[in-house]
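Listed below, chain by chain, are the residues.
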Amino acid sequence: ELTLVAALKIAVKLYEPRALNLTDMQKLARKMGCYFEASDIISTESDVLWQLNWDVHPATVFSFSHYLTCMLPDGVGQLARYIIQELSKYCSELAICVYSFSLFKPSHKAVACICFALDQLGRDAPSWIEIVR
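So, here's what we can say about the structure. (Residues numbered from 1 in each chain as written. Predicted model: local features only at pLDDT ≥ 70, side-chain atom pairs only at ≥ 80, totals over all residues. Heavy atoms only, no water.)

### Examining the nonpolar core
Where a protein is soluble and globular, its nonpolar side chains tend to be buried together.
Argument step 1. Core analysis: the biggest nonpolar cluster contains seven residues, these being Leu72, Val76, Ile84, Ile114, Ala117, Leu118 and Leu121.
Argument step 2. The element contributing the most residues to this core is helix H6 (residues 106-121), with four residues.
Argument step 3. Val5, Met25, Cys34 and Ile41 belong to the second-largest nonpolar core, a separate cluster that totals six residues. (Core = buried A, V, L, I, M, F, W, Y, C linked by side-chain atoms within 4.5 Å. Buried < 20%, exposed > 50% of the residue type's maximum accessible area, 1.4 Å probe, protein only. Helix = DSSP H or I, 4+ residues; strand = E, 2+ residues; numbered from the N terminus.)

Structure below.
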């Protein structure tokens, strides 16, 4: 049960807008019929993170695409940015269905998705060479 409380604490830190403090976690554990010291929860949380090699929130193709789209030059208009973002999102969703794409890093797939989106925009899109300068 201590591992469950520690894992829940990690999940709350990652996904909830309001963090639960240790007192809240101890109260929750008591409602489950368990009594843990704050130091035990902290220690177990650390153990869980180290067992996972701190790989609790890996970046996705979509998150890389989003950040790369945000880095486009100022000359790229809002509509073009939106279209690039939506096309790269669509492309990244399609890539999930193809096993051979799973062998590539998410950042590499994101660049490929953005290149695809730029290619689909054709002459209305800035050149990829201009973007990476």
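### A few points about unusual backbone geometry
Argument step 1. Phi at Asn53 is positive, roughly 55 degrees, even though this residue is not glycine.
Argument step 2. Mapping Asn53 onto the fold places it in the loop between helix H3 (38-51) and helix H4 (61-70).

### A short note on helix H2 (residues 22-31)
Note that an α-helix has 3.6 residues per turn; residues three or four places apart therefore point the same way.
Argument step 1. Among the residues making up H2, those that are buried are Met25, Gln26 and Ala29. For H2, the buried positions fall inside an angular range of 100 degrees around the axis, keeping them on one side.
Argument step 2. Capping of H2 at its N-terminal end is provided by Asn21; its side-chain oxygen lies 3.1 Å from the backbone amide nitrogen of Thr23.
Argument step 3. At the exit of H2 stands Gly33, carrying a positive phi of roughly 90 degrees. (Arc of directions from axis to C-beta. Polar contact = N/O pair within 3.5 Å; in protein donor to acceptor, adjacent residues only side chain to side chain.)

### Let's talk about the packing of H4 against helix H5 (residues 78-95)
Argument step 1. Two elements in contact, H4 and H5, have axes whose closest approach is 10 Å; the angle formed by their N-to-C orientations is 160 degrees. In this view, H4 runs roughly antiparallel relative to H5, as classed from their interaxial angle. Considering only the axes of H4 and H5, their crossing is right-handed. The residues of H5 that touch H4, namely those facing Val61, Phe62, Ser65, His66, Thr69 and Cys70, are Arg81, Ile84, Gln85, Ser88, Lys89 and Ser92.
Argument step 2. The class makeup of the residues in the contact of H4 with H5 is four nonpolar, six polar and two charged. (Axes fitted to C-alpha atoms, helices over the stretch in contact; angles between N-to-C directions. Parallel < 35°, antiparallel > 145°, perpendicular 65-115°, else oblique. Left-handed = near helix turned anticlockwise from the far one by under 90°. Contact = heavy atoms within 4.5 Å. Nonpolar A, V, L, I, M, F, W, Y, C, P; charged D, E, K, R; others polar.)

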